Structures are given as C-alpha cells and as structure tokens.
Amino acid sequence: MDKGLIKEIISSVRSLYGSISKIMTTSEFEILVRDLKCCLRADNDDKEEHGISTALITFHTAMLLIEKVDADRNMLVAILLYPYVSKGLIDAVQVKNDWGDDVSGMISGLQKVGKFSCRNSSVNQDNFRGLLLSLADDIRVIIIMIVHSLALMRVINHHEDEAWVRTVAFEANCLYAQLAHRLGLYVIKGELEDLSLKYTNREIFTQIATKLKDTKSERQQYIASFIAPVKAKLEAAGLKFEIKGRTKSISSIWAKMQKQKVDIQHIYDLFAIRVIIDTSIEREKSDCWLAYSILADMYTANPARMKDWISIPKSNGYESLHATVMGPENKWVEVQFRTRRMDLIAEKGLAAHWRYKGGKSDSTDQWMNNVRDILETAEAGPMQLMKNMKMDIYNKEVFAFTPKGDLFRLSNGATVLDFAFQIHSRVGSQCTGAVVNGRHEKISYKIKNGDTIEIITSSTQTPKQDWLSIVVTTKARNKIKQSLNEAKMRKADFGKEALERRAKNRKLEIEESILMRAIKKLGYKFSNDFYADIADEVLDLNKVIAVCQEIERKDSETTHVAAEEFKINTSSADDDQSQDVLVIGEKSIKGLNYRFAKCCNPIYGDSVFGFISSDGVVKIHKQDCPNAQHIKSRYPYRLINVAWSGTSGNMMSATLRILGQDDIGIVTNITSIISKEKNVVLRNISIDSNDGLFQGYLVIGVPDLTQLNSIIRKISTVKGIKDVTRS
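Note that this is a predicted model, so its numbers are computed, not measured. (Residues numbered from 1 in each chain as written. Predicted model: local features only at pLDDT ≥ 70, side-chain atom pairs only at ≥ 80, totals over all residues. Heavy atoms only, no water.)

Novice: Please provide a residue-by-residue account of the side chain of Thr339, values included.
Specialist: Residue placement: Thr339 occurs in strand S6 (residues 332–339). The class for Thr339 is buried, based on a relative accessible area of 1%. In terms of polar contacts, Thr339 uses its side chain to reach the side chain of Glu284, at 2.8 Å. (Helix = DSSP H or I, 4+ residues; strand = E, 2+ residues; numbered from the N terminus. Buried < 20%, exposed > 50% of the residue type's maximum accessible area, 1.4 Å probe, protein only. Polar contact = N/O pair within 3.5 Å; in protein donor to acceptor, adjacent residues only side chain to side chain.)

Novice: Help me get a handle on the packing of aromatic side chains, residues and values and all.
Specialist: For any pair of aromatic rings, geometry is given as the distance between the ring centres together with the angle between the planes. In this structure the tally under the stated criterion is eight aromatic pairs. Cluster of aromatic residues (ring-pair linked, three or more members): Tyr186, Trp309 and Tyr318. The ring of Phe609 carries Lys632 above its face, with NZ or CZ at 4.7 Å from the centroid. (Phe/Tyr/Trp six-rings, centres within 6.5 Å; stacked < 30°, edge-to-face > 60°. Lys NZ or Arg CZ within 6 Å of the ring centre and 35° of its normal.)

Novice: Talk me through the nonpolar core; I want residue IDs and the actual numbers.
Specialist: Core analysis: the biggest nonpolar cluster contains 62 residues, and Leu81, Ile146, Met153, Ile156, Ile188 and Leu192 have the highest contact counts within it. In terms of residue count, the dominant contributor to this core is helix H8 (residues 139–155) (twelve residues). When residues no more than four places from it in sequence are discounted, the contact partners of Ile156 are Ile52, Trp164, Val165, Val168 and Tyr199. (Core = buried A, V, L, I, M, F, W, Y, C linked by side-chain atoms within 4.5 Å. Contact = heavy atoms within 4.5 Å.)

Novice: An account of the pattern of salt bridges is needed here, citing residue identities and associated values.
Specialist: One pass over the full model with this rule turns up 23 salt bridges. The closest approach of N and O atoms between Asp102 and Arg140, which form a salt bridge, is 2.6 Å. Highlighted residues: Asp102 in helix H6 (residues 101–116) and Arg140 in helix H8, separated in sequence by 38 residues. Its relative accessible area of 18% is what places Arg140 among the buried residues. A salt bridge links Arg338 to Asp343; the nearest nitrogen and oxygen atoms lie 3.0 Å apart. In this pair, the class of Arg338 matches that of Asp343, namely buried. Ionic contacts of the salt-bridge type, sharing partners, join the residues Arg34, Asp35 and Asp98 into one network. (Salt bridge = Lys/Arg side-chain N within 4 Å of Asp/Glu carboxyl O.)

Here's what the structure looks like:
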C-alpha cells in the first residue's frame with residue numbers, strides 16, 4: 001500500500017473505534033482487531049479489479065452505516081469481515097464460532113450478492129435477476145449493499161475506466177437508490193441519485209450545482225425572512241421545536257426541469273422548510289396539526305399540495321405533514337412538520353423503527369413482501385424491473401376499505417381488480433366486479449381514496465389476457481401472468497396428446513428433432529404456443545404431420561445408402577484394408593438396401609439390430625431404441641443380425657438434446673466446439689427458450705460413437721450448460 005492510502009485507512013479505523021467499542025464487549029473488540037490486523041497483513045493484493053482499495057471501501061462502508069443508518073454490532077462485523085472471508089484470508093467456520101450464526105449468515109448473503117453485482121460482471125438479465133433475488137433474503141444485507149454502493153460511488157469520481165463508472169452509476173441509481181427510498185433512507189437515496197447524475201451527465205450536474213452555489217446567499221436570506229415570523233408564532237403557542245431550511249437535491253431539481261420543461265429559474269420549490277417538534281408520542285399528531293394551523297393563518301395554503309402522512313404513514317414508515325404556502329414575494333414554499341421521532345425515521349428509515357420498537361416493525365414485513373412481488377416479474381429484464389421499482393415509489397397511494405373496515409394501500413390508478421388481488425390471488429382470479437360505496441362497478445373501476453369495496457366473485461371466472469391492461473400493481477400483474485401461463489401449459493398438454501394420438505393411429509413415428517424443426521417451419525418460437533394452437537384447433541393436425549413427413553422424406557433422400565456402395569465384410573478381422581461399415585446377416589447377405597431408423601439414429605459403435613420393412617429395406621435400430629421392444633415382440637421373424645465392421649468412416653446423424661441458461665453467447669460457444677472437431681458437421685440446430693432457460697436440439701454428423709461421446713463431454717463443460725443427452 002502507498003503511504004497516502006495507509007494514512008487514510010488509519011484515519012478511518014480511528015473514526016470507527018469510538019462507535020465500535022461502545023457496542024461490543026472488550027473481548028469481542030480484541031477478537032475483531034486481531035482478525036482485521038491478520039487480514040490486512042496477509043492481503044498482499046489489497047486492490048480490487050478496478051484498482052479500488054478493499055480496506056478503504058470496507059472501512060468507509062462501516063462508517064457510513066454508523067452515520068447514515070445505525071451502529072448495529074452484527075452488521076458492522078459482517079461488513080468488516082466479509083471481504084476477507086471472500087478472499088480466503090479468514091475462515092468462515094472461525095467467523096461462525098467467534099461471532100455466531102447471525103453474522104455468518106449475513107456474510108453468506110453478501111457473498112451471494114457479490115456474485116451478481118455489476119461490479120463483477122456486466123448488467124444483463126440473469127445477473128440483475130440473480131442480484132435481486134439474493135437481496136430478498138435478509139433486509140440487513142440490502143441495507144449493507146446500499147451503504148456499500150454509496151461508499152463506492154464516493155471514491156470513483158474521475159476513475160480512468162469511464163465505462164465501468166457508468167455501469168456502477170446505473171446500478172446505484174436504478175437499484176440501490178430505489179431500494180433506499182423503499183427503506184426510507186432518503187439521505188442516502190438523494191446522494192446516490194446526485195452522484196449517478198454527476199457520473200453520467202457531468203455537464204448538467206455542474207450547471208445546476210453552479211447555479212445553486214451562485215444563488216445560495218439569496219436563498220438563505222429568503223429562508224431567514226420566511227422563518228422569523230413563523231418561529232415567533234410557534235414559540236408563542238408554547239411549542240418546542242427546531243426549524244431549518246434545506247435545498248432540494250440536484251437530481252430531483254433536474255427531474256423537475258425535465259418534467260416541467262423549464263430551466264432552474266422557474267422551479268419554485270428549490271428548497272423546503274422543516275419544522276421538527278419536540279413532544280411526547282401522545283401529542284405528536286395534535287402538535288403537528290397545531291403548527292400547521294398557525295402557518296395556514298399566516299400564509300395562504302395550497303390545498304392541492306397538502307400531503308398528510310401522519311394520519312396514514314407511507315409503507316416505508318415515513319411520517320410527516322407537508323404543506324405548500326404562498327410566502328413573501330409571491331413565492332410558493334413547502335413546509336414539512338414532523339416530530340423528533342418522525343425525523344429520525346425519515347433520516348434513517350426502517351432501522352429507526354427497530355430502535356423504537358425493539359425489533360422488526362410491521363412495515364419491514366410489508367416492505368419485504370412488496371419487494372418479493374416485484375421480484376416475481378424478474379424475467380422481464382433490468383429495464384422493466386427498474387420501471388416496476390419506480391412505479392410504486394413515485395406514484396401517489398390510494399386507500400380503500402373492505403366492508404369489515406380493513407384498510408388496503410394501493411398504487412395510484414389501482415382498479416377493483418387490483419384490490420381483489422390485494423386481498424387474495426384466488427379472489428382476484430375469480431373477480432367479476434364489485435360493489436363500491438353501495439353501487440355496482442366493473443373490474444376496471446379506478447379506486448378513489450376512502451372507497452368501501454366489496455368484491456363479487458364467480459367460481460367459473462378465470463383470468464383473461466386483457467386483464468393485464470386493467471391492473472397497475474405488480475402483484476396483480478404477476479398473478480395474472482402466472483395463471484395465464486398455467487392455463488397455456490394445460491392446453492399445450494392437451495395439444496401434445498392429440499398429436500401423439502393422431503400419429504399413433506396412422507402408425508407413424510415422429511422423431512423429436514424433426515418435430516422441433518417442423519414447429520420452427522410452421523412459424524412458432526415456443527413449443528407451448530404450437531401445442532396450444534393444436535388444442536384450440538387453430539392448427540390442423542394433418543398439416544403438422546404432413547410437414548413432419550416432408551422433412552423426414554428430404555432427410556431420407558440425403559442419408560439413404562444402397563448396398564452397392566459398400567462391400568460386405570468377408571475378410572478376417574485383422575484385415576486393415578477393409579472399408580466395410582456394416583455386416584448384415586449371418587452369411588453376409590448381399591444386395592440389400594439399408595437405412596438408419598430415424599427414431600433412434602444409430603451411429604457407428606452403437607449396439608444395433610436390423611428390421612426388414614415391408615418395402616424390403618433393412619432398417620437399422622439401436623438395441624435400446626424406444627420402439628425396439630415393440631418390434632421384437634411383434635415381428636420377431638423380420639429381424640436380422642447386424643454388426644459394425646472394424647472400420648468407421650461414413651458420416652452419420654446424431655441428435656443431442658441440450659439444456660442450459662438462456663445466455664446470448666452460449667449457442668456460439670457450442671457451435672464453436674463443433675466447428676473445431678475433425679470429421680464432425682453441424683446439420684441442424686433448433687432452440688426453444690423460456691423463463692431464463694433454453695432447450696436445444698442439435699443434429700450433427702459424426703463418424704462413430706467415440707467421437708460423439710467426446711463432443712458430449714466438451715459441450716458439458718461450457719459455462720451455463722446444465723445437461724447434454726443423446727436424443
């Protein structure tokens with residue numbers, strides 16, 4: 001480490017000392033110091049992949065947790081030891097023995113998150129989904145990752161790898177800032193958004209920051225003139241309070257400029273006044289409303305911009321009373337009234353709830369359920385997830401009641417159908433309408449604040465495709481999609497059975513690889529859609545079979561081999577000059593045509609037998625062919641012995657079924673392996689992807705079984721491949 005970095009780390013450790021020593025016993029503190037000293041000495045490569053000091057980021061994250069959230073013993077230990085457990089510098093079992101299952105569990109959660117973070121790999125659909133799903137396990141892991149994101153964002157200004165900085169900024173803004181908002185960590189959320197704007201649009205950030213700096217004294221004078229008379233009136237009423245002004249964040253100002261299509265001079269709410277009242281919990285609401293009434297007597301209030309989060313707090317625990325009044329010089333001013341307890345929760349989010357309630361609050365469980373609902377739509381990819389995240393954050397909320405008086409909170413624009421799914425997924429699936437305030441309404445009725453809603457259901461009702469355009473909440477949308485997918489799966493099963501019955505009635509064997517090619521030829525991307533259309537009689541079964549037969553006929557023309565094209569092996573096994581592939585019959589019968597059966601596609605080296613078909617052609621089947629038992633039991637008199645000669649050479653078709661993760665580069669890797677193999681040809685490939693997985697069929701030409709097994713082993717080593725089998 002260079003001297004400057006060592007000096008900064010020492011300074012960070014000293015800053016941590018006071019807080020950590022207060023929340024640990026002397027023996028615990030000594031163990032922590034011992035472990036950290038050993039790790040720092042052993043960490044020869046302190047720099048991470050992009051040149052950031054592991055120790056520096058670790059200590060900064062710990063300090064930010066104390067400053068912005070809470071000095072929680074287990075969370076701090078997890079932060080400080082996690083990077084060194086990941087590097088193998090301290091044993092995870094030792095950590096568990098020293099600090100217990102809780103710390104060990106958090107470190108395990110952080111390791112799981114680290115695998116998917118964009119700092120280690122590009123932000124793609126699977127990484128984003130994996131990151132979010134892993135975050136959902138422990139809310140404290142979420143908080144640590146949010147704080148870590150802020151620590152990282154603070155040190156990457158002017159980093160030489162601009163592309164990486166933009167990626168980190170994307171993750172910070174689109175994921176961690178939104179999670180911080182949901183947790184009520186508004187200070188962290190604001191700084192993450194500001195830094196993200198700074199790194200992605202430095203010109204705009206600098207312009208706004210410069211303008212705010214130039215007008216700072218003017219703004220402070222106005223705030224002082226506004227506060228003075230308000231302060232006097234509140235003191236006269238006997239209230240104890242603190243009153244201060246704050247400037248809006250640069251990112252929120254930029255968002256308003258874009259939304260309102262104006263420059264910064266025309267943004268009227270560049271700042272807000274905050275009144276923090278010292279009072280008992282019993283008098284919190286009454287004192288906040290008293291302060292508001294005093295303000296409303298002094299200045300004209302704008303009722304349209306009145307926000308009461310005291311009577312019904314936000315889902316993340318936020319409580320405050322917001323009013324906008326016409327101040328001096330005809331300027332609109334936003335004033336926020338809250339108590340000291342409310343202000344702590346507004347600054348430090350749900351962590352402050354734990355401090356007041358002595359454990360997890362109800363809001364925590366509600367928040368986690370909300371996140372899990374959003375995660376269920378993760379297959380939509382990062383941009384859709386980002387949209388879903390923001391949808392519930394920035395939209396206003398509406399509140400509605402059941403006839404029994406239970407209160408439900410929904411996003412602005414929610415419909416009766418959303419309300420039904422909020423009650424229960426079964427109620428939503430069977431919803432046909434509702435009685436709203438005594439009047440019958442359709443499922444598309446948009447809920448208004450204070451509505452009393454009684455859902456009407458029918459056992460014959462099922463979710464419809466057009467319901468997706470009616471609902472606005474993530475939970476309802478996901479449940480509808482899930483139900484529609486299940487219905488399609490059931491329908492697809494019926495269609496598949498119908499095709500199999502029709503083929504059996506016509507005594508046909510349709511090979512799976514040929515069927516997959518037929519599905520693609522008929523214009524279907526997914527097999528479930530193909531089978532569902534058969535069930536709905538949109539697709540004619542006779543047409544499907546005709547297409548399969550046409551594909552098989554064309555394949556037959558290219559793979560048919562006549563007896564004249566090879567010599568029957570009559571020489572000894574030691575004859576190296578023999579070029580024979582098959583020996584047919586006990587006495588090496590000549591003049592017979594043969595064909596490799598499409599149901600099993602035997603290749604050189606397979607254990608095989610011959611079946612004399614009605615047209616006199618010998619069909620070569622594998623001994624373990626799906627049709628072998630039926631053929632042998634029904635037509636034993638038409639069987640003929642077949643054996644491979646001592647020499648391979650002819651190119652023979654084999655079909656491989658491959659299952660793996662749906663990654664854009666995985667098919668390229670597979671085809672690259674095949675192209676590098678000597679005497680191997682890729683004849684056909686078909687892919688069917690769904691829910692992040694893909695199933696593919698490869699038809700390849702290989703000379704023998706040994707070569708095929710070699711290819712299977714090599715494909716199995718490709719990252720993301722879960723299974724490779726011969727079909």
